[in-house]
Amino acid sequence: MACINDIPFEILLKGATPAQSEKLIKEKSDTFYKVPGGYRLRGVALMGDNIPVGVKGDEVFFQFIKPCFGIFVLRVAEAADIAEQLKKDFKK
């Protein structure tokens, strides 16, 4: 199993509510998805239900829950592989 620290990311928001994270991801993205809990991005399992994930070009934005630390919105640049995976898995 991969660790979030294995993926180069930028923190856009920390200590967010679910509504705040979804709003930011929608604002930043051209394509928006709600993925199920346990969905994996480069081997990292996402926690929660209906996790917001967005794509703009080759950038991916997503909500990440870190136990004891809360909700973060992360940006991964140069993530065309993740964008393709989402498109394939969710047919958008």
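Model, not experiment: these values are computed from the prediction.

A. View of the packing of aromatic side chains. Under the defined criterion, the tally for this structure stands at two aromatic pairs. On the basis of an interplanar angle of 45 degrees and a centroid distance of 5.9 Å, the ring pair of Tyr 33 and Phe 90 is categorised as tilted. You can see Tyr 33 sitting in strand S2 (residues 31–35) and its partner Phe 90 sitting in helix H2 (residues 80–90), a full 57 residues away along the chain. The exposure class assigned to Tyr 33 is buried, which follows from its relative accessible area of 5%. For Phe 90, a relative accessible area of 27% translates into the label partly exposed. Measuring from ring centre to ring centre gives 5.3 Å for Tyr 39 and Phe 90, while their planes differ by 55 degrees; the resulting arrangement is tilted. Placement of the pair is Tyr 39 in the loop between S2 and strand S3 (40–41) and Phe 90 in helix H2, with a sequence separation of 51 residues. With a relative accessible area of 10%, Tyr 39 lands in the buried category.

B. Representation of the environment of Ala 45 in the model. When you line up the elements, Ala 45 lands in strand S4 (residues 44–45). Owing to a relative accessible area of 25%, Ala 45 belongs among the partly exposed residues under this scheme. When the C-alpha atoms of Ala 45 and Ile 4 are compared, they prove to be 8.8 Å apart, with 41 residues separating the residues in sequence.

C. Inspection of unusual backbone geometry at higher detail. A positive phi angle, close to 50 degrees, is found at Arg 42, a residue other than glycine. Here Arg 42 shows up in the loop between S3 and S4. Residues other than glycine seldom take positive phi values, yet Cys 68 does so here, at roughly 75 degrees. With respect to the helices and strands, Cys 68 occurs in the loop between strand S6 (59–66) and strand S7 (70–76).

The rules behind these values
Residues numbered from 1 in each chain as written. Predicted model: local features only at pLDDT ≥ 70, side-chain atom pairs only at ≥ 80, totals over all residues. Heavy atoms only, no water. Phe/Tyr/Trp six-rings, centres within 6.5 Å; stacked < 30°, edge-to-face > 60°. Helix = DSSP H or I, 4+ residues; strand = E, 2+ residues; numbered from the N terminus. Buried < 20%, exposed > 50% of the residue type's maximum accessible area, 1.4 Å probe, protein only.

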